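One-letter residues, chain by chain:
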Amino acid sequence: MIEFRKVSKRFVTGKRTITALEDVELTVNKGDIFGVIGFSGAGKSTLIRTVNLLETPTSGEVLIEGKNLQKISKKELREEKKNIGMIFQHFNLLNSKTVFENVAMPLLLSKHTKKEVDQRVLEVLQFVGLEDKIKSYPDQLSGGQKQRVGIARALVTNPSILLCDEATSALDPQTTKSILQLLRRVNEEYKITILIITHEMEVIKEICNRIAVMENGRVIESGNILDVFSNPQTETARNFVSSVVHDEIPQSVYRLMEIHNGRSHILKIDFVGVSSGQPIISQVAKKFKVDVNILFGNITELQSIPFGNLIVELVGDSSEVQKAIDFIQSDTVNVKEVIGHGSKQTNFDRSNLGNVVHG
Amino acid sequence: MEVNRQILIEAIWETLYMVSIALFFGAILGFILGVTLVVTRKGHILENKPIFSVVNPIVNIFRSIPFIILLVAIIPFTRLIVGTSIGTTAAIVPLVLHVGPYISRLIENSLLEVDDGIIEAAKAMGATPFQIIRKFLLPEAFPSLILSVTTATIGLIGATAMAGAVGGGGLGDVAITYGYQRFDNVTILVTVVILVAIVQLIQSIGNVFERKLRRVR
């Protein structure tokens, strides 16, 4: 769908050369909601702009459905751009035009009958839920409404790709959620492939199915969202993940350990995938002579799959506790005992399944 | 002392005539130059260094020549264009050359005020450079363009006062020949009051239009 092949971009300003992108290799599949995350200056804005050639790569190529847009005529390029919608952080609406005129703009650039335009504009405005605002001007709308107009404008030409350039960064958390829900509907109902760049991990967590992490113009990590969230390979990716998945052990747990000793074992159980959830805990309580006390938990959903960790206290004989731990340990569940004082935690886990380890 | 009504009315008409015709052609000239200055600059939609580096200094040169000098310096050119170098019509040629470059700078400023994001959105939609100017830049800058033209009009009224030097007539000429040179303070006062009134009127009209267009609520 969108393929980046060894894409590099260098800006020359005077004597200095700034490398914004370096050998970026990335494939966005049809139907993906693909998220690119990175700090500002990582090159993600430049990356998204190479898709519709707002920036031309210095070397390498970007293929849209197998086609390199740099190799076609200007006229063909303008035609191709109707297949790629784009929305922006600051909406970029014409303040001198009404909502209707703004949304109609892409259609007015090529020949369409008035009837076609009216019908299509109303259709997309209904889709984004702004049919009652067609005569308003952008400065009469809230940020969220402006972005809805932006989305309607991007959809009006029936594109197969939607580029989102920090589309929610200027919005409050509540509005961000509603815009993300709308984007998911765009993906599901219109079957539009979405490429999102953002510095907010919340956005990625909320709707993306695949993700790439950028730093200094390079893609340092990419893959399925569950894989990256459960097993981040780089420091930067780990930091982004921990900004939305809190997996550090709270201080109160350490304090507890000072009180209980001997028979009490505190375990951190990491889940990823389908087997997560309560059955394990209740089965442990039933099968083994241990008491289970849940101290702390953090379960989120990624792509409707539960993901997160639980901190539990098992009280019982060491041998029983060990049996319980062996029972819990599986492909998708990882257990470690939390030990207080000095060394914060030691890996209790002896299985070499090569799975989930956080932190 | 008595102010000659007939002369005053005639002078008002001469001033309005010079201002309106010069404004019309000056606006066309200024518009073309102003848009050129914007779109051919570095990084803009029709970046063109040769054109920009020719137009830019030409505008500067015309902006820096005092109008009274320009008026007489281009007499041969004026004769070429309108067939005469004296009279009201003859004054219009230098007025156009004076106000055109001035308007072009004002238009340049107005167009540069438009957020770059608008141009980016237009490009992303696949708009041609001409469409970007027509459908994005100009409508967005329109309220500010109105103010620019208002400012230019008022500057033009000031310049017409010097048109007397080539027999152009107008209110300024009346103030000098009938008022100043005959020590007729009343005539000076009356013409000045009329000029102030015209300027006030034009500025108010400009402001009203601009506010309407910006839809200040």
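Residues numbered from 1 in each chain as written. Chains lettered and ligands numbered in written order. Predicted model: local features only at pLDDT ≥ 70, side-chain atom pairs only at ≥ 80, totals over all residues. Heavy atoms only, no water.

**Q** Explain the overall build of chain B to me, please; I cannot follow it from the model alone.
**A** Along the backbone of chain B there are 9 helices and 0 strands. Counting from the amino terminus, chain B carries its helices and strands in the arrangement α-α-α-α-α-α-α-α-α. Projecting the C-alpha coordinates of chain B onto the three principal axes gives extents of approximately 70 × 45 × 25 Å. Taking all 217 residues of chain B together, the buried fraction comes to 45%. In chain B, of all internal contacts separated by at least 6 residues, the share reaching a separation of at least 24 is 72%. (Helix = DSSP H or I, 4+ residues; strand = E, 2+ residues; numbered from the N terminus. Buried < 20%, exposed > 50% of the residue type's maximum accessible area, 1.4 Å probe, protein only. Contact = heavy atoms within 4.5 Å.)

**Q** Any chance you could explain the packing of helix H4 (residues 114-128) of chain A against helix H5 (residues 143-155) of chain A here in plain terms?
**A** When two helices pack together, their arrangement is given by the angle between the helix axes and by the axis-to-axis distance. All names here are of chain A. At a closest axis distance of 9 Å, the pairing of H4 and H5 adopts a crossing angle of 135°. Between H4 and H5, the crossing angle belongs to the class labelled oblique. In this structure, the crossing between H4 and H5 has a hand that is right-handed. Residue-level contacts link Arg 120, Val 124, Leu 125, Phe 127 and Val 128 of H4 to Arg 148, Ile 151, Ala 152 and Leu 155 of H5. (Axes fitted to C-alpha atoms, helices over the stretch in contact; angles between N-to-C directions. Parallel < 35°, antiparallel > 145°, perpendicular 65-115°, else oblique. Left-handed = near helix turned anticlockwise from the far one by under 90°.)

**Q** Could you clarify how one ought to interpret the interface of chain A and chain B in this entry?
**A** As a measure of interface size, the accessible area lost when the parts come together is often cited. Each partner contributes to the interface: chain A provides 23 residues, whereas chain B provides 18 residues. Together chain A and chain B conceal approximately 1900 Å² of surface at their shared face, both sides included; 56% is due to carbon and sulfur atoms. Of all residues in chain A, Arg 78, Asn 92 and Leu 109 of chain A bury the most surface against chain B, accounting for 29% of the area lost on that side. Our enumeration of links across chain A and chain B arrives at 1 salt bridge. (Buried area = accessible area lost by both parts, 1.4 Å probe. Salt bridge = Lys/Arg side-chain N within 4 Å of Asp/Glu carboxyl O.)

**Q** Quick question: what am I supposed to make of the sheet that holds strand S12 (residues 291-302) of chain A here?
**A** Working definition: the strands of a sheet are paired by backbone hydrogen bonds and lie parallel or antiparallel to each other. All names here are of chain A. Strands sit in the order S12-S13-S11-S14 across an open sheet of 4 strands; the sheet is antiparallel. Both outer strands of the open sheet, S12 and strand S14 (333-337), are each paired with one neighbouring strand and no more. For this sheet the average axis-to-axis angle between neighbouring strands, irrespective of direction, equals 15°. Most of the contacts of helix H12 (residues 318-328) go to strand S11 (residues 264-272), to which it runs at about 0°, and overall it touches S11, strand S13 (305-315) and S14. (Pairing = 2+ DSSP bridges.)

**Q** Would you mind showing me how to read the nonpolar core here?
**A** Note that soluble globular proteins tend to have their nonpolar side chains buried in a common cluster. If you look at the biggest cluster of nonpolar residues, it comprises 54 residues, and the most contacted ones within it are Leu 183 and Phe 229 of chain A. Per element, the largest residue contribution to this core is 6 residues, and it comes from H4 of chain A. Composition of this core by domain shows at least three residues from each of domain 1 (2-244) and domain 2 (251-337) of chain A. In terms of nonpolar packing, the next biggest core, distinct from the first, is built from 50 residues, Val 39, Ile 45, Phe 67 and Leu 156 of chain B among them. (Core = buried A, V, L, I, M, F, W, Y, C linked by side-chain atoms within 4.5 Å. Domains from an automatic or database assignment.)

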